[in-house]
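Next come the chains, spelled out residue by residue.
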Amino acid sequence: MAFLLNCPNCGERNVHEFRFGGEATSRPTPNSTPDDWIRYFYNRGNVAGVQREWWNHRYGCRKWFFALRDTVSNQIQETLWP
Amino acid sequence: MFQIFAKNRMWRKQPLKHRYEVVIIGGGVHGLSTAYYLGKLGVTDVAVLDKGYLGGGASARTTAIIRSNYLTPEGIPFFNESVKLYEGLAKELNFNLLFNQMGRLDLGHTDSAVYGLRMRTEFNRILGVDSRLIGPKEIKKLVPSIDLREGKHFPILAALYHPPCGVIRHDAVVWGYGRGADRQGAELHPFTEVTGIDRTNGRVTGVETSQGLVKANTVISATAGWSSTIAKMVDLELPITTHALQAMVTEPLKPFLDKTISSANLHAYVYQTDRGEVVIGGGVDPYPSYSQRSTFQQMEELAANTLEMFPCLKNVNVLRQWAGLCDMTPDYAPILGPVDGIEGFILSCGWGSWGFKAAPVAGKRVAELIATGETPELIKPFSLSRFREGNLVNERAAAPAAAIH
Ligand SMILES: Cc1cc2nc3c(=O)[nH]c(=O)nc-3n(C[C@H](O)[C@H](O)[C@H](O)COP(=O)(O)OP(=O)(O)OC[C@H]3O[C@@H](n4cnc5c(N)ncnc54)[C@H](O)[C@@H]3O)c2cc1C
Ligand SMILES: [Zn+2]
């Protein structure tokens, strides 16, 4: 389903101008356990609901930002700078 | 009059019991085939629960291409066993599945793509799968309508020809397995949503559903695009993201194409159905979503890429377009089997855009696992623990893989 995404820089644009950059996760510290790294590399929350994710305005200002998106309805709750 | 229909229902409607030996979450092709093969092994105290109608998930939206010309030594024998099972399935289920083994061409447009196809061909042949690399002359003979002109943006240099590839009537597969499972004693419960999974001492004891509590010794999740939501009920995170995969179909045309044609570079595949419609697939939306709605963008891209191969389809009308949910894994291979630390919980997921063809082999082997307690060799490489152990399968010959990673 297509939708509009509000680039904090350029305003509302078609989602196809953007590149999805993955769920917002935090990188484990160097002394984390292998399990933490595996979780970080491979596992995803993949929630059916609102998740915080990275987006890049690839065919626009090329800036990276966060979006809070409902993955069921594709409604954007909020976009914000990192 | 209505009595006739009532008598000939394909499966019984019965009250949900409070306990079963095995509960299968998800009544798509995988849940139902697992129930069927469990029955063949004598495990018949089985309930299949689906939140919607049976076969209404990805199994209703699939383009149902069945093939085994994969790339890895793990994937090829696995999918090959499935093709073999499909070949005998109509007879076994006594249900006309209209399995049409028309053959398939995977096109190579660049030197490096042709190199990849050659590698696949060799792996296929070593493992007993009928595949060969053919050049433009033979392509022209098999597919006279394809655009073989040189010097275009995506010239067709060679193709991997895989004669056993076929297309099947997907609803019939779902219904056939459902009816077969029902006749062996399993119960099918549509419109029964699983809302939680109960555990004591690290062991699964049953499921909570919209129709009440159901106890079970073994709980299988066969929920494809919804797998992460089920895994969450046992505090498990999966290496899966859910994406919509889209396909479309044109108005019927006179027969002009009797092969499945696929191009990895163009992210598109095309075949003509027995009714003359041209089925065009499979664009994966580049962002995860649980919305099963299609986009104009994908229709445009699929159309443009199809015309690159078949300019003769210019001006043909698209009749329908649709989307289904796919559970994509990082290595394009399924996740099958038990989960460390959660006794009695079995996964059958990671079916992505490639899972319909695997329903017979996965159902059969997962049933074997439950009946014997031993994981069959064939599905060992697909365990969830492969991610921990660093043994990814890397099945890059899966359908539209490149689009999202
Ligand atoms: C457009 C498209 C084209 C495709 N083309 C091909 C192809 O050509 N060849 C191929 O091999 N594969 C193809 N696939 C992939 C294939 O269709 C799927 O991998 C396969 O159908 C998955 O089957 P399943 O039974 O695992 O999942 P599904 O059929 O999706 O069934 C899962 C079921 O789980 C149920 N469920 C979810 N959550 C709950 C809950 N909480 N409680 C109870 N029930 C629940 C859902 O209602 C659903 O019915 C395609 C997919 C799509 C979308
Ligand atoms: Zn912008």
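Caption draft 1: Quick peek at the overall build of chain B. In terms of regular secondary structure, chain B is built from 12 helices and 18 strands. Since a compact globule built from 405 residues should have a radius of gyration of about 22 Å, the 21 Å found for chain B is in line with a globular shape. Considering only intrachain contacts with a sequence separation of at least 6, the fraction spanning at least 24 residues in chain B is 77%. Accessible area for chain B stands at about 16800 Å²; split by element, carbon and sulfur atoms hold 52% of it. Taking the 42 positively charged and 39 negatively charged side chains of chain B as two groups, their mean positions are separated by 6 Å.

Caption draft 2: Highlighting the side chain of N43 of chain A. As for its position among the elements, N43 of chain A is in the loop between helix 1 (34-42) and strand 4 (50-56). According to the relative accessible area criterion, N43 of chain A is buried, its value standing at 16%. In this structure the side chain of N43 of chain A is engaged in a polar contact, spanning 3.4 Å, whose partner is the backbone oxygen of E237 of chain B. When residues no more than four places from it in sequence are discounted, the contact partners of N43 of chain A are I38 of chain A together with E237, L238 and P239 of chain B.

Caption draft 3: Representation of the domain arrangement of chain B in the model. Residues and elements named next belong to chain B. Here chain B is described as being made up of domain 1 (15-64 + 170-240 + 331-398) and domain 2 (101-164 + 241-327). On a C-alpha basis, the centres of domain 1 and domain 2 stand 30 Å from each other. Contact with domain 1, which involves 17 residues of that partner, is made by 16 residues of domain 2. Here domain 1 meets domain 2 over a buried area of about 1400 Å², counting both sides, of which 54% is carbon and sulfur. Sorting the residues of domain 1 by area buried against domain 2 places R61, T63 and I240 first, and these three jointly supply 45% of that buried surface. Connecting domain 1 to domain 2 are 0 salt bridges. At the junction of domain 1 and domain 2, the tally comes to 9 residue pairs in polar contact (both at pLDDT 80 or more). Only helix 3 (58-61) and helix 9 (227-231) provide two or more residues apiece to the side of domain 1 that touches domain 2. Looking at the side of domain 1 that touches domain 2, the element that brings in the most residues is helix 9, giving 3 residues. Of the residues in the side of domain 1 that touches domain 2, the class split is 8 nonpolar, 8 polar and 1 charged.

Cut-offs used in this document
- Per chain, residue numbering runs from 1 following the sequence as it is written.
- Written order decides the labels, with chains lettered from A and ligands numbered from 1.
- Residues qualify for local features only when their pLDDT is at least 70, as the model is predicted, and side-chain atom pairs are given and counted only at 80 or more; totals for whole chains, interfaces and linings, by contrast, use all residues.
- Calculated side-chain values reflect all of the structure's heavy atoms, with hydrogen atoms and water omitted.
- For the purposes of this entry, the term helix denotes a DSSP run of H or I that reaches at least four residues, the term strand denotes a run of E that reaches at least two, and both are numbered from the N terminus.
- Here the radius of gyration uses the C-alpha set of atoms, whereas the globule reference equals 2.2 Å times the residue count to the power 0.38.
- Contacts: residue pairs with any heavy atoms within 4.5 Å of one another.
- For the area figures, the Shrake-Rupley method with a 1.4 Å probe applies, and any residue is considered shielded solely by the protein chains shown.
- Under the counting rule used here, the positive set is Lys and Arg, the negative set is Asp and Glu, and His together with the chain ends is not counted.
- Note on charges: their place is set at NZ of Lys, CZ of Arg, CG of Asp or CD of Glu.
- Each residue's exposure class comes from its accessible area (1.4 Å probe, protein chains only) as a fraction of the maximum for that residue type: buried when under 20%, exposed when over 50%, partly exposed otherwise.
- Pairs of N or O atoms within 3.5 Å make up the polar contacts considered here, provided that, within protein, one atom can donate a hydrogen while the other can accept it, and that residues adjacent in sequence are counted only when both atoms are side-chain atoms.
- Note that the domain bounds reflect an automated or database-derived domain assignment.
- In this description, buried area is defined as the sum, over both parts, of the accessible area (probe of 1.4 Å) that is lost when the two are combined.
- Each reported salt bridge corresponds to a side-chain nitrogen of Lys or Arg within 4 Å of a carboxyl oxygen of Asp or Glu.
- For this classification, the nonpolar set comprises Ala, Val, Leu, Ile, Met, Phe, Trp, Tyr, Cys and Pro, the charged set comprises Asp, Glu, Lys and Arg, and every other residue, Gly included, is treated as polar.

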